[in-house]
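Geometric and topological summary
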Amino acid sequence: MRKVRHFLALTCLLLPFMAGAHNLAENQRVPPVGIDDKGELVYQQDKFSYKNWNSAQLVGKVRVLQHIAGRSSAKEQNAALVEAIKAAKLPHDRYQTTTIVNTDDAIPGTGMFVRSSIESNKKQFPWSQFIIDSNGSVLKAWQLQSGGSAIAVLDKEGKVRFVKDGALTQDEVKQVMALLQALLK
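No experiment lies behind these values; they were computed from the predicted model shown. In every chain, residue numbers begin from 1 and rise along the written sequence. For a predicted model such as this one, the threshold for reporting local features is a pLDDT of at least 70, and the threshold for listing and counting side-chain atom pairs is 80 or more; totals across whole chains, interfaces and linings nevertheless cover every residue. With hydrogens and water excluded, all non-hydrogen atoms of the structure serve as input to the side-chain values.

Before going further, it helps to examine the packing of helix α3 (residues 79-88) against helix α6 (residues 170-184). Lines are fitted to the C-alpha atoms to define the axes, a helix being fitted only along its stretch in contact, and any angle between axes, read from their N-to-C directions, falls within 0 to 180 degrees. Working definition: helices are DSSP H or I runs of at least four residues, strands are E runs of at least two. Numbering for both runs from the N terminus. Running from N to C, α3 and α6 point in directions that differ by 35°, and their axes come no closer than 10 Å. In the crossing of α3 with α6, the sense of the turn from one axis to the other is right-handed. On α6, the residues touching Ala80, Leu81, Ala84, Ile85 and Ala88 of α3 are Gln170, Val173, Val176, Met177, Leu180 and Gln181. In this classification, the charged set is Asp, Glu, Lys and Arg, the nonpolar set is Ala, Val, Leu, Ile, Met, Phe, Trp, Tyr, Cys and Pro, and all remaining amino acids, among them Gly, are polar. Within the contact of α3 with α6, the residues separate by chemical class into nine nonpolar, two polar and no charged. Left-handed is the label given to a crossing in which the near helix is rotated counterclockwise from the far helix by less than a right angle, and right-handed is the label when the rotation is clockwise. We call two residues contacting when some pair of their heavy atoms lies within 4.5 Å.

Here a salt bridge means any side-chain nitrogen of Lys or Arg lying within 4 Å of a carboxyl oxygen belonging to Asp or Glu. One pass over the structure, following the stated rule, counts four salt bridges. Where Lys164 meets Glu172, a salt bridge forms, and the shortest distance between an N and an O atom there is 2.8 Å. Using a relative accessible area of 22% as the deciding quantity, one classes Lys164 as partly exposed. Exposure is judged per residue with a 1.4 Å probe applied to protein chains only, and the accessible area is read against the type maximum: over 50% gives exposed, under 20% gives buried, and values in between give partly exposed.

Take the nonpolar core next. By nonpolar core we mean a set of buried residues, namely Ala, Val, Leu, Ile, Met, Phe, Trp, Tyr and Cys, connected to one another through side-chain atoms within 4.5 Å. Counting residues in hydrophobic clusters, the biggest one holds 18 residues, and the most contacted among them are Val30, Trp53, Leu65, Ile100, Val138, Trp142 and Leu154. Looking at this core, the elements with two or more residues in it are α5 (137-141), β6 (149-154) and β7 (160-165). Top element by residues in this core is β6. It accounts for three residues. With near-sequence residues (within four places) excluded, Leu154 lies in contact with Val30, Leu58, Lys61, Val62, Arg63, Leu65, Lys159, Val160 and Leu183. Ranked by size, the runner-up nonpolar core spans 17 residues in total, among them Val62, Leu81, Val153 and Leu184.

The score called pLDDT rates the predictor's confidence residue by residue, from a low of 0 to a high of 100. Per-residue confidence for the chain gives a mean pLDDT of 88; residues scoring 70 or more make up 89%. Across the chain, element-level confidence peaks in α6 with a mean pLDDT of 98 and bottoms out in helix α1 (residues 2-19) with 46. Considering only residues more than four positions removed or in separate chains, one finds that residues 6-19, a stretch of pLDDT under 50, has one contact.

In this analysis a 1.4 Å probe is tested at points of a 1 Å grid over the protein atoms alone, and where it fits but cannot get out there is a cavity; an open set with protein on both sides within 12 Å along at least five of seven lines is a pocket; lining residues have an atom within 4 Å of a point. Grid points are joined across faces, edges and corners, and a volume is the space filled by probe spheres set on the points. This structure, assessed with the given rule, holds one cavity of 30 Å³ or more. What the largest cavity holds in volume is close to 40 Å³. Taken together, Leu24, Leu65, His67, Trp142, Leu144, Ala150, Ile151 and Ala152 make up the lining of the largest cavity. When residues of the lining of the largest cavity are assigned to their parent elements, the largest contribution, three residues, is made by β6. Here the residues of the lining of the largest cavity are counted per class, giving seven nonpolar, one polar and no charged.

We now examine the pairing of strand β4 (residues 95-102). For β4, a buried count of eight out of eight residues is recorded, marking the element as mostly surrounded by other parts of the structure. Alternating residues of β4 divide into Tyr95, Thr97, Thr99 and Val101 and Gln96, Thr98, Ile100 and Asn102, and every residue in both groups is buried. For two strands to pair, DSSP has to find at least two bridges joining them. The pairing of β4 with strand β5 (residues 129-133) spans five bridges and is parallel. Counterpart to Thr99 in the pairing with β5 is Phe130.

Moving on: the side chain of Asn78. The topology assignment puts Asn78 in the loop between α2 (72-77) and α3. On the basis of relative accessible area, Asn78 is assigned to the buried category, the value being 2%. Polar contact is defined as a pair of N or O atoms within 3.5 Å, subject to the rule that within protein one atom must be able to donate a hydrogen and the other to accept it, and that residues adjacent in sequence are counted only when both atoms are side-chain atoms. Separated by 2.8 Å, the side chains of Asn78 and Ser149 make a polar contact. Of the polar contacts made by the side chain of Asn78, one reaches the backbone nitrogen of Leu168; its length is 2.8 Å. Once you skip the residues sitting within four places of it in the chain, Asn78 turns out to touch Gln66, Ser149, Ile151, Gly166, Ala167 and Leu168.

Take the packing of aromatic side chains next. Each Phe, Tyr or Trp ring (for Trp, its six-membered ring) is paired with any other whose centre lies within 6.5 Å, and the angle between the two planes then decides the class: stacked below 30 degrees, edge-to-face above 60, tilted in between. A full pass over the atoms with the stated rule returns two aromatic pairs. Arranged with centres 4.5 Å apart and planes meeting at 35°, the rings of Tyr43 and Phe48 form a pair that is tilted. Taking relative accessible area as the criterion, Phe48 reaches 26% and is therefore assigned partly exposed. Centroid distance Phe125 to Trp127: 5.9 Å. Interplanar angle 80°. Geometry classified as edge-to-face. Owing to a relative accessible area of 38%, Trp127 belongs among the partly exposed residues under this scheme.

Right, here's the structure in full:
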């Protein structure tokens, strides 16, 4: 019985570390993944369409890569960073926000509302990239936590310079913004 208690205590202590075990490594490119069911949302001539997307396309610009579950609670987790990015008015020729929405991780029956929200954002921020992942491919490939929001900052070579799976603190938002400014110089 005593061994069982020790095992349970150790498991409880290690669980938070195992839960956050994404495989995005700093100074490395993200693990390869592609999305061909939906993919990148394209808005041209007042019409929406989708095209295949893969992580090899994450080069050429400094970017914030946001992976979120298709739920408003996940979107809210890193809303402070999104607002800071909007306020900074970063140069579109050298910076891009790439938001990957895992619609496989949405509350049942809300998919239509999630897509409508994404389309509205694409109209408002046409220079931003929105990826619809209807099978959870990115979540699985990058071993992210379900139901939440992950943030990665990539340099123009596509290498991870900052990563966190979960909500950023105010200090981390400041850290990300300072890193973006440094990478864009």
